[in-house]
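# Structure at a glance
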Amino acid sequence: MPEIDWDLLTGAAREAMSRAYAPYSNFPVGAAALTEDGIIVSGCNVENASYGLTLCAECSLVSALHMGGGGRLVAFACVDGKGNVLMPCGRCRQLLYEHRAPGMVLLTVSGVRTMDEVLPDAFGPQNL
């Protein structure tokens, strides 16, 4: 597992947040993650007038992960429009869980936590 530079990761999340499209909520979000091979992937939220079609920053990040060749996530950070750390919602935790490396950690509002701590007893591909 590569060493995690949380300042670099949150900086990448802030940069991604600056590209968010959030004209309806005015709540831009950016996310960044580190892959097993040391690559940083990022994403931002992209809203839609039909709120249910809005893409979370985590969705954008996972799309970028796959467009860049894939890999597994080892560390994750998410920020709001002020650059403050955000906790991923339940839907996004599930999305991140599916693309995690063993031992993945997240920077949360209560410190660094493992994926298992933020989504205990998760359902995933192993259950299918």
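Quantities reported herein were computed from a predicted structural model and do not represent experimental measurements.

What follows is about the pattern of salt bridges. Within this structure, the stated rule accounts for one salt bridge. Where arginine 19 meets glutamate 15, a salt bridge forms, and the shortest distance between an N and an O atom there is 3.1 Å. For arginine 19, a relative accessible area of 61% puts it in the exposed group.

A separate point is the sheet that holds strand β5 (residues 111–114). Adjacent strands of a sheet pair through backbone hydrogen bonds, lying either parallel or antiparallel. If you walk across this open sheet you meet the five strands as β2-β1-β3-β4-β5, and the pairing is mixed. The strands lining the two open edges of the sheet, one partner per strand, are β2 (40–44) and β5. Averaged over neighbouring strand pairs, the angle between their axes works out to 20° when direction is ignored. Taken strand by strand, helix α1 (residues 6–17) contacts β1 (30–35), β2, β3 (73–79), β4 (100–108) and β5, and its axis lies near 55° from that of β3. Here helix α3 (residues 90–98) sits on the sheet in contact with β3 and β4, set at roughly 145° to β4.

Take the packing of helix α2 (residues 57–67) against α3 next. Where α2 meets α3, the axes come as close as 9 Å, and the angle between the chain directions of the two elements is 15°. On the basis of their axis angle, the class for α2 and α3 is roughly parallel. Of the two possible hands of crossing, α2 and α3 adopt the one that is left-handed. Taken together, the residues of α3 that come into contact with α2 (itself represented by Glu58, Cys59 and Val62) are Arg91, Cys92, Leu95 and Leu96.

Cut-offs and rules
Residues numbered from 1 in each chain as written. Predicted model: local features only at pLDDT ≥ 70, side-chain atom pairs only at ≥ 80, totals over all residues. Heavy atoms only, no water. Salt bridge = Lys/Arg side-chain N within 4 Å of Asp/Glu carboxyl O. Buried < 20%, exposed > 50% of the residue type's maximum accessible area, 1.4 Å probe, protein only. Pairing = 2+ DSSP bridges. Helix = DSSP H or I, 4+ residues; strand = E, 2+ residues; numbered from the N terminus. Axes fitted to C-alpha atoms, helices over the stretch in contact; angles between N-to-C directions. Contact = heavy atoms within 4.5 Å. Parallel < 35°, antiparallel > 145°, perpendicular 65-115°, else oblique. Left-handed = near helix turned anticlockwise from the far one by under 90°.

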